[in-house]
Amino acid sequence: MNKIPRITVIQEFKDEAGELTGQITSQSGADGTWLQFDCECLDALPICRSQCCSLRGTFLTETEAHSGEYDCFADPETGLPQLRRDADGGCTYLDRETKLCSIYNRRPQVCQSFHCTRGAAVRGWKLPNIVQRHSA
């Protein structure tokens, strides 16, 4: 018997007319719990805490790399330009306290086009499995 995943709406976003514009849901199943963000990036920040800004390989176009606007380097494996990372693995432009991008209005194309879960075929972010042990 197949288990049907349980989907819980965590937060909904509506426009001025009251129409649903996006939502954050969790989906629990046999393989764990996944968060799905079908909303605007800035709406998701309080929950996602800028997880995408810690993904490796934020590659720039050649034009962006040569513009002088971004702190970048040539990836040693591919030779392609990418944004510099700090020691914690996060993007150098991520404000660690607010979790906001300090160059959001002029961020590179790869950041502008990225969305963590927009679309039905994308699972989202997996939450760590938590096992609670109860002693007798």
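Above this text sits the structure in question.
Cut-offs used in this document
- Residues numbered from 1 in each chain as written.
- Predicted model: local features only at pLDDT ≥ 70, side-chain atom pairs only at ≥ 80, totals over all residues.
- Heavy atoms only, no water.
- Helix = DSSP H or I, 4+ residues; strand = E, 2+ residues; numbered from the N terminus.
- Buried < 20%, exposed > 50% of the residue type's maximum accessible area, 1.4 Å probe, protein only.
- Salt bridge = Lys/Arg side-chain N within 4 Å of Asp/Glu carboxyl O.
- Arc of directions from axis to C-beta.
- Contact = heavy atoms within 4.5 Å.
- Pairing = 2+ DSSP bridges.

Description of the side chain of Ser26
Right, on to step 1. Its place among the elements puts Ser26 in strand 2 (residues 20–29).
Right, on to step 2. A residue is classified by how much of its surface remains accessible, and Ser26, at 12% relative accessible area, is buried.

A short note on the pattern of salt bridges
Right, on to step 1. One pass over the full model with this rule turns up four salt bridges.
Right, on to step 2. Between Arg84 and Asp71 there is a salt bridge; the shortest N-O distance is 3.0 Å. Linking Arg84 in the loop between strand 5 (81–83) and helix 3 (109–113) with Asp71 in the loop between helix 2 (62–66) and strand 4 (72–74), this pair joins segments that are 13 residues apart in sequence.
Right, on to step 3. Across the salt bridge formed by Arg96 and Asp88, the nearest N and O atoms sit 2.8 Å from each other.
Right, on to step 4. When its relative accessible area of 53% is taken as the criterion, Asp88 is described as exposed.
Right, on to step 5. Among the charged side chains, a salt-bridge network with shared partners connects Asp86, Asp88 and Arg96.

Section: helix 1 (residues 41–48)
Within an α-helix, residues lying three or four positions from one another point in the same direction, as the helix has 3.6 residues per turn.
Right, on to step 1. Among the residues making up helix 1, those that are buried are Ala44, Leu45 and Cys48. Buried positions in helix 1, seen along its axis, are confined to an arc of 130° and lie on one side of it.
Right, on to step 2. The inward-facing, buried residues of helix 1 abut strand 2 and strand 3 (32–38).
Right, on to step 3. Phi for Arg49, located one or two positions after helix 1, is positive at around 55°.

A closer look at the pairing of strand 2
Right, on to step 1. Here strand 1 (residues 6–14) runs beside strand 2; their pairing, made up of eight bridges, is antiparallel. The residue bridging Thr8 from the neighbouring strand is Ser26, located in strand 2.
Right, on to step 2. Turn length for the strand 2-strand 3 hairpin, with the two strands adjacent in sequence and antiparallel, is two residues.

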